[in-house]
Amino acid sequence: MYLSNEEEENSLSLSKFESMLKTNKVFFFDSEEFEDIILHYLDTGRINLAKKALKLGLEQHPKSTGLKLVQVEMLVFEDKLDIAERMLNELYAIEPTNEEIYIQKANIHSKRDEHEKAVELLKYALKYTDDYADVYSLIGMEYLFMDELELAKENFIKCLDEDLEDHSALYNVVYCFDFLDQNNEAILFLNSFIDRNPYSEVAWHQLGRQYYTIKDYNQAVRAFDYATLIDEHFLGAYLEKAKALEKLKKYQEAIDCYTVTMELDDATSFALLRVGKCHEKLGNTELALQFYLKTVHEDPLLDKAWIAITDFYIRQKNFQKALYYANKALGIDNENKLYWKRYAVINKALNFFEEAEYGFRKAVEYGDYELDTWLFWVDILQFLGEFESAVQTLLQAAEYFPEEYQVEYRLAGLYFMLQDDTKGKFHLANGLRQNFENRTLLEELFPVIWTRKIVQNAIDKHKKADE
């Protein structure tokens with residue numbers, strides 16, 4: 001691999017320094033070499049070696065401002081903020097125009113959650129720095145800490161104006177747009193950025209994500225295409241492109257994209273699961289099942305994969321197998337309302353009514369307040385002859401659906417079954433008022449009650465009142 005002159009010099013300095021440590025010989029390095037060595041060790045997490053290099057560096061260059069600033073950086077990293085601050089004050093007296101002093105002072109204030117002071121100091125640093133991009137990026141981060149997203153975005157954009165290759169700033173700009181729900185503004189910005197830097201695969205990828213969010217899937221696919229053309233190993237872009245192709249119902253093309261991701265890296269359970277879903281949409285049921293089974297083999301704890309197999313067998317009307325896999329999903333996440341509802345529906349289809357009742361009860365317990373869930377549950381309670389429980393369940397449902405005729409007709413029928421004609425008439429009147437046309441629901445669910453004179457009289461009375 002080709003190394004630049006600077007990289008080669010750094011590599012030689014590191015080799016020379018490590019050789020010195022092994023042999024106990026003392027070699028001379030200039031202060032900038034020491035700075036590079038120390039920063040290399042800090043970047044790679046080898047703190048003890050960084051400290052050794054700093055100690056030797058200060059012994060050889062006791063007046064080096066650069067080394068002292070590196071020492072300050074290490075003190076800040078170790079949360080020795082007061083000592084670091086004293087050192088910075090001493091350095092400021094010597095070099096008041098050194099931007100790094102302001103940056104490190106800002107870093108100390110940031111660590112103390114004094115972000116406004118940090119921003120103030122970083123703005124001073126802008127007066128003396130040659131590296132505007134770095135300082136704008138630091139200001140942007142401080143505004144992020146303060147939840148000032150507009151100001152953060154503004155400074156990250158300034159950073160990119162100085163350095164188009166700063167991927168971290170680009171991601172942060174897009175994060176701000178996302179947080180502010182400014183997807184259309186993000187698209188305008190990214191298109192403008194791409195005009196200046198057309199070979200930025202990161203920008204194309206982020207543009208695709210924005211189009212995906214606003215459901216412009218054709219433009220999303222186009223943007224992801226460019227990202228993968230620039231970097232043919234861009235795994236994330238292939239995944240996002242595949243998701244967009246699925247939305248466009250181009251399932252074979254989506255499969256091809258997911259396949260590329262599996263060629264670039266080990267197959268993920270997500271990709272395997274999506275390929276299975278695509279094959280099922282194409283009617284390739286055997287292939288779909290193969291991929292679902294590969295998914296659970298790859299990640300046995302992925303409950304979504306188990307539920308995908310459950311749904312597969314529900315669609316095949318193979319409820320015995322569906323129940324087996326629903327139980328697998330519940331074994332991983334037994335507080336998932338959607339899994340309990342599937343469990344209930346499957347048991348209902350198998351005529352296992354007590355298990356179905358339990359499933360619907362658990363679904364509601366874990367937050368499924370959909371009307372059909374309440375009604376399925378109540379109808380099973382009625383079938384099991386548990387009229388009192390059915391009434392209590394419907395009264396709970398009525399809190400969520402206070403003007404729902406399906407609840408009222410059921411309450412009427414159940415109260416009549418329980419010989420409480422007063423409440424039966426009350427809820428029948430509510431049902432007739434809310435939806436007279438569907439009064440036959442009472443006949444379907446309670447044929448014996450429908451024929452009662454008290455019921456027919458109430459219906460006739462309501463009909464005449466409306467005429």
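Residues numbered from 1 in each chain as written. Predicted model: local features only at pLDDT ≥ 70, side-chain atom pairs only at ≥ 80, totals over all residues. Heavy atoms only, no water.

I'm lost on the overall build of the protein chain in this one. Help?
On a plain count of helices and strands, the protein chain comes out with 28 helices and zero strands. Computed over the C-alpha atoms, the radius of gyration of the protein chain is 34 Å, more than 25% above the 23 Å expected from 2.2 N^0.38 for a compact globule of 467 residues. Taking the principal axes of its C-alpha atoms as reference, the protein chain extends roughly 110 × 50 × 45 Å. By residue count, 45% of the 467 residues in the protein chain fall in the buried class. Residue pairs in contact within the protein chain that sit at least 24 positions apart in sequence constitute 48% of those at least 6 positions apart. In the form shown here, the protein chain has an accessible surface area of approximately 25,300 Å², with 49% of it arising from carbon and sulfur atoms. Side chains of the protein chain give 53 positive and 84 negative charges; the mean places of these two sets differ by 7 Å. (Helix = DSSP H or I, 4+ residues; strand = E, 2+ residues; numbered from the N terminus. Rg over C-alpha atoms; globule rule 2.2 N^0.38 Å. Buried < 20%, exposed > 50% of the residue type's maximum accessible area, 1.4 Å probe, protein only. Contact = heavy atoms within 4.5 Å. Areas by Shrake-Rupley, 256 points an atom, 1.4 Å probe, with all protein chains shown as cover. Lys, Arg positive; Asp, Glu negative; His and termini not counted. Charge placed at Lys NZ, Arg CZ, Asp CG, Glu CD.)

Explanation requested: the UniProt feature "repeat: TPR" (unreviewed entry) in the protein chain in the structure shown.
UniProt tags residues 201-234 and 303-336 as "repeat: TPR" (unreviewed entry). Helix and strand shares over residues 201-234 are 79% and 0% respectively, and the end C-alpha atoms of the span are 8 Å apart. Across residues 303-336 one finds 79% helix and 0% strand; the C-alpha atoms that close the span lie 10 Å apart. (UniProt positions renumbered as here; feature names shortened; annotations may be inferred.)

Could you clarify how one ought to interpret helix 19 (residues 319-332) in this entry?
An α-helical turn contains 3.6 residues, so a residue and the one three or four places further along point in the same direction. Between the first and last C-alpha of helix 19 there are 20 Å, a value that for 14 residues agrees with the 20 Å anticipated at 1.5 Å per step. Taken together, the buried positions of helix 19 are Phe 319, Ala 322, Leu 323, Tyr 325, Ala 326, Ala 329 and Leu 330. In this structure, the buried residues of helix 19 make contact with helix 17 (285-298), helix 18 (303-315) and helix 20 (337-349). (Expected span 1.5 Å × (residues − 1).)

Help me out: how do you make sense of the side chain of His 205 in this one?
Mapped onto the fold, His 205 is located in helix 12 (residues 201-213). On the basis of relative accessibility, which here comes to 8%, the residue His 205 falls in the buried class. In contact with His 205, not counting residues within four places along its chain, are Phe 224, Ala 227, Phe 234, Gly 236, Ala 237 and Glu 240.

Just to check I follow, could you spell out the pattern of salt bridges for this structure?
It is possible for side chains bearing opposite charge to pair when their charged atoms get close. In this structure the tally under the stated criterion is 18 salt bridges. A salt bridge links Lys 241 to Asp 225, with the shortest nitrogen-to-oxygen separation between them at 2.5 Å. In this pair, Lys 241 is assigned in helix 14 (residues 235-247) and Asp 225 in helix 13 (residues 217-230), connecting sequence segments 16 residues apart. Classification of Asp 225 by relative accessible area gives partly exposed; the value is 27%. A salt bridge links Lys 362 to Glu 365; its shortest N-O distance comes to 3.4 Å. One end of the pair, Lys 362, and the other, Glu 365, are both in helix 21 (residues 353-365), three residues apart, so they sit about a helical turn from each other. (Salt bridge = Lys/Arg side-chain N within 4 Å of Asp/Glu carboxyl O.)

Just to check I follow, could you spell out the nonpolar core for this structure?
As a rule of thumb, soluble globular proteins bury nonpolar side chains together. With 61 residues, the main nonpolar core has Leu 170, Phe 189, Leu 207 and Tyr 258 as its most contacted residues. Beyond its immediate stretch of four places on either side in the chain, Leu 170 contacts Leu 160, Phe 189, Leu 190, Phe 193, Ser 200, Val 202 and Ala 203. Ranked by size, the runner-up nonpolar core spans 33 residues in total, among them Leu 375, Leu 394, Leu 441 and Phe 446. (Core = buried A, V, L, I, M, F, W, Y, C linked by side-chain atoms within 4.5 Å.)

Honestly, the environment of Glu 33 in this entry has me stumped. Any pointers?
Among the structural elements, Glu 33 can be located in helix 2 (residues 31-43). Taking the relative accessible area as the measure of exposure, Glu 33 reaches 24% and is therefore partly exposed. Separated by 322 residues in the primary sequence, Glu 33 and Glu 355 place their C-alpha atoms 73 Å from one another.

Sorry, what's going on with the environment of Leu 126 here?
Relative to the helices and strands, Leu 126 resides in helix 7 (residues 115-128). What makes Leu 126 buried here is its relative accessible area of 16%. Sequence separation between Leu 126 and Glu 99 is 27 residues, and the spatial gap between their C-alpha atoms is 7.4 Å.

Teacher, can you tell me more about a nonpolar patch on the surface here?
Taken together, the side chains of Tyr 199, Tyr 226, Leu 229 and Ile 230 define a hydrophobic patch exposed on the protein surface, amounting to about 470 Å² of accessible area. By secondary structure assignment, the location of Tyr 199 is in the loop between helix 11 (183-196) and helix 12. (Patch = residues over 30% accessible without salt bridge, like charges linked within 9 Å, V, L, I, M, F, W, Y side chains within 5 Å.)

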